[in-house]
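# Analysis of the macromolecular model
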Amino acid sequence: MSLLSFKRPVNIERHITVPREVSALMEDYSIEVMPRTAAKVDDFTALLPQDTRVYVAHIAGTPISEMVETAARLARDGMQVVPHFPARIIQDRAMLADWIARYQGEAGVDQALVLAGGVKDAEGAFDSSMQLLETGCFDGFKHLFIAGHPEGNRDIDPNGGEEIVMNALRWKQNFSRQSGIPMSIVTQFAFAADPVTQWLERLAENDISMPVNLGVAGPAKLQTLIRFAIACGVGPSLSVLQKRARDVSKLVRPFTPDDLVRDLAQYKSTYPETALKSLHFFPLGGITTNANWALAQTNANSAIPAQ
């Protein structure tokens, strides 16, 4: 995508300089929305660069019609639409095929995030993303994305290890190779680089080479981030927020991912062979706030407007 190819007016009164490494890591970032948050955005072309990958998060209980309507609107605004397909809320193959047909018919969707989903128990025939992939319903898609968990996932590995997760990633990598459908990993968000870079190295040790789009929580109030982090099972990097929370003076200021993104950009620059490709943003403090912050990170070697 072209990072500055959109029509939002800019404030030119104050400028910042962005390191080349950060700008490079941000080059192909993605972001996600839900129908209710998308409804608050008057014009996505004034908020995001053209061709941005925008994931449409499917929360249990959301009618498929609202999901498809949001996807169609994003497509009309020139975005790459990546709807979620959470296995555990899909009743059967017929429902999956119907969802795909609607997305393709109304929004031209050819990319998808295939995942187990946030609910604990399956509501229908599917319990895992692998079962969705095995249906053959995604044949012909241009790109598929799967979930990654740098700090573990006790729903999958109850003992706190990652053997089951690594085996699943290996299965999906083989599926990608056999089906000819490119596949990338999109991860849960984290707040510190070390747990993430160690996980990237473990992927390499397990011969998992799929590109990784690392989840990052966008700028938000500290209390908001802590609440979401606990609910989503964020692991060791949660200590970054807890440490900041001890400083009362920082509680009222938004927490931004500058340090994390800088550290990850430096890691990618130092180890260019890493699977880390780009970033995926969870706009927990609002999509406009996140988009403004992202814009300020995407032009190295020159001063750019600070939002």
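Quick caveat, the model's predicted, so the values are computed rather than measured. (Residues numbered from 1 in each chain as written. Predicted model: local features only at pLDDT ≥ 70, side-chain atom pairs only at ≥ 80, totals over all residues. Heavy atoms only, no water.)

The next point concerns the nonpolar core. The biggest cluster of nonpolar side chains holds 72 residues, and the ones touching the most others in it are Phe 44, Phe 85, Phe 138 and Leu 144. With 6 residues, helix α3 (residues 64–76) is the single largest residue contributor to this core. Not counting chain neighbours up to four residues away, the residues in contact with Phe 138 comprise Phe 85, Leu 96, Ile 100, Ala 112, Val 114, Leu 132, Leu 133, Leu 144 and Ile 181. (Core = buried A, V, L, I, M, F, W, Y, C linked by side-chain atoms within 4.5 Å. Buried < 20%, exposed > 50% of the residue type's maximum accessible area, 1.4 Å probe, protein only. Helix = DSSP H or I, 4+ residues; strand = E, 2+ residues; numbered from the N terminus. Contact = heavy atoms within 4.5 Å.)

Another point: the packing of aromatic side chains. Between two aromatic rings, the relevant description is the distance of the centres plus the angle of the planes. The full count for this structure, using the stated rule, is 12 aromatic pairs. Summarising the aromatic geometry, the rings of Phe 85 and Trp 99 are spaced 6.4 Å apart at their centres and angled 40° between planes, so their arrangement reads as tilted. Taken together, the residues span a long stretch of sequence, with Phe 85 in strand β4 (residues 80–86) and Trp 99 in helix α4 (residues 93–107) at a distance of 14 residues. Under the relative-accessibility criterion, Trp 99 is labelled buried at 7%. (Phe/Tyr/Trp six-rings, centres within 6.5 Å; stacked < 30°, edge-to-face > 60°.)

Applying the stated criterion to the full structure yields 7 salt bridges. Ionic pairing is found between Arg 202 and Glu 162, a salt bridge with its closest N-O pair at 2.4 Å. With Arg 202 in helix α7 (residues 193–205) and Glu 162 in the loop between β6 (143–148) and α6 (163–179), this pair connects stretches of sequence that are 40 residues apart. Taking the shortest distance from any N to any O, the salt bridge between Arg 262 and Asp 263 comes out at 3.2 Å. Because the salt bridges share partners, they merge into one network encompassing Asp 28, Arg 53 and Lys 277. (Salt bridge = Lys/Arg side-chain N within 4 Å of Asp/Glu carboxyl O.)

Let us now look at unusual backbone geometry. The phi angle at Asp 51 is positive, at roughly 75°, despite the residue not being glycine. Position of Asp 51 among the secondary structure elements: in the loop between α2 (35–38) and β3 (53–56). A residue is classified by how much of its surface remains accessible, and Asp 51, at 35% relative accessible area, is partly exposed. In this structure, Asp 207 is a non-glycine residue whose phi angle is positive, near 60°. Looking at the element boundaries, Asp 207 is found in the loop between α7 and β8 (212–217).

Take it as geometry only, folks, not as evidence of what the structure does.
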